[in-house]
Amino acid sequence: MARRIFVAGNWKMHKGPAQADALATALKAALVDVVTVDVAVAPPSISIPAVSARLKHTGVHVAAQNLHQAVGGAFTGELAGEMLRESGCSYVIVGHSERRHVFGEDDATINAKVHAAFRAGLLPILCVGETLDQRQSGNAESVVTGQLASGLAGLAADQVASVTVAYEPVWAIGTGHTATPAQAQSMHATIREWLAGNFPAFVARQLRIQYGGSVKPHNAASLLSQPDIDGALVGGASLDAESFVSIIKAGAN
Ligand code: PEP
(Lines give C-alpha, C1' and ligand atoms only; values in the text may rest on other atoms or scores of the structure.)
Protein backbone atom coordinates (compact mmCIF):
# COMPACT_ATOMS: atom_id res chain seq x y z
CA MET A 1 0.00 0.00 0.00
CA ALA A 2 1.40 3.40 -0.98
CA ARG A 3 2.10 5.84 1.82
CA ARG A 4 0.04 9.06 1.80
CA ILE A 5 2.05 12.15 0.99
CA PHE A 6 2.53 14.40 4.05
CA VAL A 7 3.46 18.05 3.52
CA ALA A 8 4.27 20.23 6.53
CA GLY A 9 5.03 23.95 6.61
CA ASN A 10 7.51 25.27 9.17
CA TRP A 11 6.79 28.96 9.67
CA LYS A 12 9.81 29.37 11.98
CA MET A 13 9.85 32.78 13.75
CA HIS A 14 7.43 34.35 11.29
CA LYS A 15 3.80 35.35 11.69
CA GLY A 16 2.36 36.55 14.98
CA PRO A 17 -1.25 35.66 15.82
CA ALA A 18 -2.97 38.08 13.40
CA GLN A 19 -0.77 37.24 10.39
CA ALA A 20 -0.87 33.53 11.24
CA ASP A 21 -4.66 33.61 11.38
CA ALA A 22 -4.75 35.30 7.97
CA LEU A 23 -2.49 32.62 6.45
CA ALA A 24 -4.52 29.82 8.08
CA THR A 25 -7.71 31.39 6.71
CA ALA A 26 -6.25 31.44 3.19
CA LEU A 27 -5.08 27.81 3.51
CA LYS A 28 -8.46 26.69 4.83
CA ALA A 29 -10.17 28.10 1.74
CA ALA A 30 -7.60 26.79 -0.73
CA LEU A 31 -7.37 23.27 0.70
CA VAL A 32 -11.07 22.52 0.88
CA ASP A 33 -10.87 20.11 -2.08
CA VAL A 34 -7.46 18.62 -1.31
CA VAL A 35 -8.24 15.37 0.46
CA THR A 36 -5.50 13.02 -0.73
CA VAL A 37 -2.54 14.72 0.97
CA ASP A 38 -1.90 15.05 4.71
CA VAL A 39 -1.03 18.63 5.64
CA ALA A 40 0.36 20.28 8.76
CA VAL A 41 1.48 23.80 9.59
CA ALA A 42 3.91 24.74 12.36
CA PRO A 43 3.33 28.32 13.48
CA PRO A 44 5.38 30.04 16.19
CA SER A 45 4.08 28.91 19.60
CA ILE A 46 2.30 32.16 20.35
CA SER A 47 0.21 31.77 17.19
CA ILE A 48 -0.76 28.11 17.79
CA PRO A 49 -4.10 28.86 19.52
CA ALA A 50 -5.27 31.19 16.72
CA VAL A 51 -4.23 28.75 13.99
CA SER A 52 -5.71 25.74 15.82
CA ALA A 53 -9.03 27.52 16.20
CA ARG A 54 -9.06 28.55 12.55
CA LEU A 55 -8.16 25.09 11.24
CA LYS A 56 -10.43 23.09 13.57
CA HIS A 57 -12.33 20.39 11.65
CA THR A 58 -10.47 21.14 8.40
CA GLY A 59 -8.17 18.10 8.53
CA VAL A 60 -5.10 20.39 8.42
CA HIS A 61 -2.95 19.48 11.41
CA VAL A 62 -1.13 21.93 13.63
CA ALA A 63 2.45 21.19 14.63
CA ALA A 64 4.72 22.82 17.18
CA GLN A 65 8.27 23.69 16.13
CA ASN A 66 9.86 22.44 19.36
CA LEU A 67 9.00 21.22 22.86
CA HIS A 68 10.74 20.80 26.18
CA GLN A 69 11.20 17.23 27.39
CA ALA A 70 9.85 17.81 30.93
CA VAL A 71 6.14 17.75 31.86
CA GLY A 72 6.54 21.02 33.73
CA GLY A 73 8.85 22.81 36.12
CA ALA A 74 11.34 25.63 36.41
CA PHE A 75 12.27 25.93 32.72
CA THR A 76 11.85 29.60 31.92
CA GLY A 77 10.74 30.22 28.36
CA GLU A 78 10.00 26.58 27.52
CA LEU A 79 6.79 24.70 26.64
CA ALA A 80 5.83 21.13 27.56
CA GLY A 81 4.34 18.80 24.98
CA GLU A 82 1.19 18.53 27.11
CA MET A 83 0.67 22.30 26.78
CA LEU A 84 1.10 22.13 23.02
CA ARG A 85 -1.37 19.24 22.81
CA GLU A 86 -3.88 21.20 24.88
CA SER A 87 -3.45 24.14 22.49
CA GLY A 88 -4.42 22.03 19.49
CA CYS A 89 -1.15 20.53 18.19
CA SER A 90 -1.05 16.95 16.98
CA TYR A 91 2.54 16.98 15.66
CA VAL A 92 5.81 18.47 16.85
CA ILE A 93 9.03 19.07 14.92
CA VAL A 94 12.01 17.71 16.85
CA GLY A 95 15.70 18.20 16.12
CA HIS A 96 15.35 20.76 13.32
CA SER A 97 18.84 21.70 12.16
CA GLU A 98 18.36 25.20 13.57
CA ARG A 99 17.68 23.63 16.98
CA ARG A 100 20.75 21.40 16.57
CA HIS A 101 23.16 23.97 15.18
CA VAL A 102 21.93 27.36 16.45
CA PHE A 103 20.61 26.26 19.85
CA GLY A 104 23.07 23.42 20.45
CA GLU A 105 20.60 20.56 20.97
CA ASP A 106 22.47 17.28 21.18
CA ASP A 107 21.35 13.76 20.27
CA ALA A 108 20.42 12.85 23.85
CA THR A 109 18.18 15.92 24.20
CA ILE A 110 16.55 15.21 20.87
CA ASN A 111 15.85 11.61 21.90
CA ALA A 112 14.34 12.85 25.19
CA LYS A 113 12.12 15.23 23.21
CA VAL A 114 10.93 12.42 20.91
CA HIS A 115 9.91 10.41 23.98
CA ALA A 116 8.26 13.51 25.50
CA ALA A 117 6.24 13.99 22.31
CA PHE A 118 4.76 10.48 22.60
CA ARG A 119 4.13 10.97 26.32
CA ALA A 120 2.08 14.07 25.45
CA GLY A 121 0.17 12.43 22.60
CA LEU A 122 2.05 14.30 19.86
CA LEU A 123 3.55 12.67 16.77
CA PRO A 124 7.17 13.70 16.24
CA ILE A 125 8.59 14.91 12.95
CA LEU A 126 12.24 14.01 13.57
CA CYS A 127 14.65 16.05 11.45
CA VAL A 128 17.98 14.58 10.38
CA GLY A 129 20.55 15.82 7.91
CA GLU A 130 24.22 16.34 7.25
CA THR A 131 26.19 19.57 6.89
CA LEU A 132 28.05 20.43 3.69
CA ASP A 133 31.39 19.46 5.29
CA GLN A 134 30.00 16.10 6.34
CA ARG A 135 28.69 15.46 2.80
CA GLN A 136 31.95 16.54 1.16
CA SER A 137 33.97 14.30 3.43
CA GLY A 138 31.81 11.29 2.49
CA ASN A 139 30.08 10.99 5.87
CA ALA A 140 26.53 12.02 4.97
CA GLU A 141 25.02 8.55 5.33
CA SER A 142 26.74 7.70 8.59
CA VAL A 143 25.74 11.08 10.08
CA VAL A 144 22.10 10.58 9.11
CA THR A 145 21.85 6.96 10.29
CA GLY A 146 23.63 7.96 13.52
CA GLN A 147 21.05 10.71 14.10
CA LEU A 148 18.28 8.16 13.46
CA ALA A 149 19.77 5.63 15.86
CA SER A 150 20.04 8.16 18.66
CA GLY A 151 16.79 9.99 17.91
CA LEU A 152 14.70 6.80 17.86
CA ALA A 153 16.47 4.98 20.72
CA GLY A 154 14.19 3.32 23.24
CA LEU A 155 10.96 3.60 21.23
CA ALA A 156 8.64 0.65 20.59
CA ALA A 157 8.40 -0.43 16.95
CA ASP A 158 4.81 0.83 16.58
CA GLN A 159 5.92 4.23 17.87
CA VAL A 160 8.76 4.36 15.36
CA ALA A 161 6.32 3.52 12.56
CA SER A 162 4.27 6.60 13.47
CA VAL A 163 7.27 8.96 13.47
CA THR A 164 7.79 11.13 10.41
CA VAL A 165 11.47 11.47 9.54
CA ALA A 166 12.36 14.69 7.73
CA TYR A 167 15.62 14.39 5.79
CA GLU A 168 16.89 17.95 5.61
CA PRO A 169 20.45 18.37 4.37
CA VAL A 170 21.68 21.43 6.27
CA TRP A 171 23.28 22.84 3.12
CA ALA A 172 19.86 22.96 1.43
CA ILE A 173 17.85 24.72 4.16
CA GLY A 174 16.99 28.31 3.34
CA THR A 175 19.80 28.46 0.79
CA GLY A 176 17.93 27.87 -2.46
CA HIS A 177 20.25 24.87 -3.08
CA THR A 178 17.83 21.96 -3.24
CA ALA A 179 19.15 18.41 -3.25
CA THR A 180 18.50 16.91 -6.66
CA PRO A 181 15.66 14.37 -6.71
CA ALA A 182 18.32 11.66 -7.19
CA GLN A 183 20.40 12.86 -4.20
CA ALA A 184 17.30 13.05 -2.01
CA GLN A 185 15.97 9.66 -3.17
CA SER A 186 19.33 8.05 -2.52
CA MET A 187 19.41 9.25 1.12
CA HIS A 188 15.74 8.35 1.61
CA ALA A 189 16.48 4.84 0.37
CA THR A 190 19.40 4.64 2.82
CA ILE A 191 17.09 5.72 5.64
CA ARG A 192 14.50 3.11 4.69
CA GLU A 193 17.16 0.40 4.46
CA TRP A 194 18.47 1.38 7.88
CA LEU A 195 14.94 1.16 9.31
CA ALA A 196 14.45 -2.26 7.70
CA GLY A 197 17.68 -3.46 9.26
CA ASN A 198 16.84 -2.22 12.75
CA PHE A 199 13.08 -2.71 13.20
CA PRO A 200 10.38 -5.19 12.16
CA ALA A 201 9.50 -4.93 8.46
CA PHE A 202 6.26 -2.97 8.93
CA VAL A 203 8.21 0.01 10.29
CA ALA A 204 10.14 0.70 7.09
CA ARG A 205 6.96 0.14 5.08
CA GLN A 206 4.82 2.57 7.12
CA LEU A 207 7.17 5.33 8.31
CA ARG A 208 6.99 8.45 6.16
CA ILE A 209 10.15 10.24 5.12
CA GLN A 210 9.80 13.90 4.15
CA TYR A 211 12.43 15.80 2.21
CA GLY A 212 13.18 19.34 3.35
CA GLY A 213 15.51 21.99 1.97
CA SER A 214 14.39 24.70 -0.44
CA VAL A 215 11.29 22.85 -1.64
CA LYS A 216 9.47 25.25 -3.96
CA PRO A 217 6.49 24.99 -6.32
CA HIS A 218 8.82 24.43 -9.30
CA ASN A 219 10.73 21.47 -7.81
CA ALA A 220 8.06 19.84 -5.62
CA ALA A 221 6.64 17.44 -8.21
CA SER A 222 10.01 15.97 -9.19
CA LEU A 223 10.97 15.43 -5.53
CA LEU A 224 7.59 14.03 -4.47
CA SER A 225 7.51 11.57 -7.36
CA GLN A 226 10.56 9.70 -6.02
CA PRO A 227 9.63 6.29 -4.60
CA ASP A 228 11.01 6.89 -1.09
CA ILE A 229 10.01 10.56 -0.74
CA ASP A 230 6.71 10.59 1.13
CA GLY A 231 6.30 14.31 1.59
CA ALA A 232 8.03 17.60 2.25
CA LEU A 233 8.95 19.81 5.16
CA VAL A 234 8.75 23.31 3.72
CA GLY A 235 10.20 26.46 5.26
CA GLY A 236 10.22 29.68 3.20
CA ALA A 237 7.67 28.59 0.62
CA SER A 238 5.12 27.73 3.34
CA LEU A 239 4.80 31.39 4.35
CA ASP A 240 2.76 32.17 1.26
CA ALA A 241 -0.58 30.38 0.82
CA GLU A 242 -0.31 30.16 -2.95
CA SER A 243 3.15 28.61 -3.05
CA PHE A 244 2.45 26.23 -0.15
CA VAL A 245 -0.81 25.06 -1.74
CA SER A 246 0.96 24.56 -5.05
CA ILE A 247 3.52 22.27 -3.31
CA ILE A 248 0.71 20.35 -1.60
CA LYS A 249 -1.09 19.92 -4.91
CA ALA A 250 2.10 18.60 -6.48
CA GLY A 251 1.81 15.76 -3.96
CA ALA A 252 -1.80 15.07 -4.92
CA ASN A 253 -0.90 14.15 -8.50
C1 PEP B 1 13.10 24.08 6.97
O2 PEP B 1 13.25 25.04 7.69
O3 PEP B 1 12.81 22.99 7.48
C4 PEP B 1 13.28 24.24 5.53
C5 PEP B 1 13.33 23.17 4.79
O6 PEP B 1 13.41 25.53 5.06
P7 PEP B 1 13.44 25.99 3.50
O8 PEP B 1 12.28 25.30 2.81
O9 PEP B 1 13.24 27.48 3.55
O10 PEP B 1 14.75 25.59 2.96
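Bear in mind the structure is a predicted one, so any value in this text is a computation, not a measurement.

J.: Looking at this structure, I do not really get the site of the ligand. What am I missing?
T.: Around the ligand, the structure places 14 residues, and the nearest of them are K12, E168, G174, S214 and G235. Take E168: an N or O atom from its side chain is 2.7 Å from an oxygen atom of the ligand. Between the ligand and G174, the relevant distance is 2.6 Å, taken from an oxygen atom to a main-chain nitrogen or oxygen of the residue. For the ligand, the protein covers 97% of the area, taking 290 Å² as the surface of the free molecule.

J.: I'm lost on unusual backbone geometry in this one. Help?
T.: Negative phi characterises most residues that are not glycine, and trans characterises most peptide bonds. Located in the positive-phi region is K15, a residue other than glycine, with phi close to 80°. For K15, the location among the structural elements is in the loop between β1 (6-10) and α1 (17-30). Despite not being glycine, H57 has its phi angle at roughly 65°, a positive value. For H57, the position within the fold is in the loop between α2 (48-55) and β3 (61-64).

J.: What am I meant to see in the packing of α1 against α2 here?
T.: Packed helices, taken two at a time, are described by the angle between their axes plus the distance between the axes. Relative orientation of the contacting elements α1 and α2 amounts to 20°, with a least axis distance of 8 Å. By the angle between their axes, α1 is roughly parallel relative to α2. Considering the relative orientation of α1 and α2, their crossing is right-handed. Packed against α1, whose contacting residues are P17, A20, D21, A24, T25 and K28, the element α2 presents A50, V51, R54 and L55 at the interface. Within the contact of α1 with α2, the residues separate by chemical class into 6 nonpolar, 1 polar and 3 charged.

Quick notes on the rules
- Residues numbered from 1 in each chain as written.
- Predicted model: local features only at pLDDT ≥ 70, side-chain atom pairs only at ≥ 80, totals over all residues.
- Heavy atoms only, no water.
- Near = heavy atom within 4 Å.
- Polar contact = N/O pair within 3.5 Å; in protein donor to acceptor, adjacent residues only side chain to side chain.
- Areas by Shrake-Rupley, 256 points an atom, 1.4 Å probe, with all protein chains shown as cover.
- Helix = DSSP H or I, 4+ residues; strand = E, 2+ residues; numbered from the N terminus.
- Axes fitted to C-alpha atoms, helices over the stretch in contact; angles between N-to-C directions.
- Parallel < 35°, antiparallel > 145°, perpendicular 65-115°, else oblique.
- Left-handed = near helix turned anticlockwise from the far one by under 90°.
- Contact = heavy atoms within 4.5 Å.
- Nonpolar A, V, L, I, M, F, W, Y, C, P; charged D, E, K, R; others polar.

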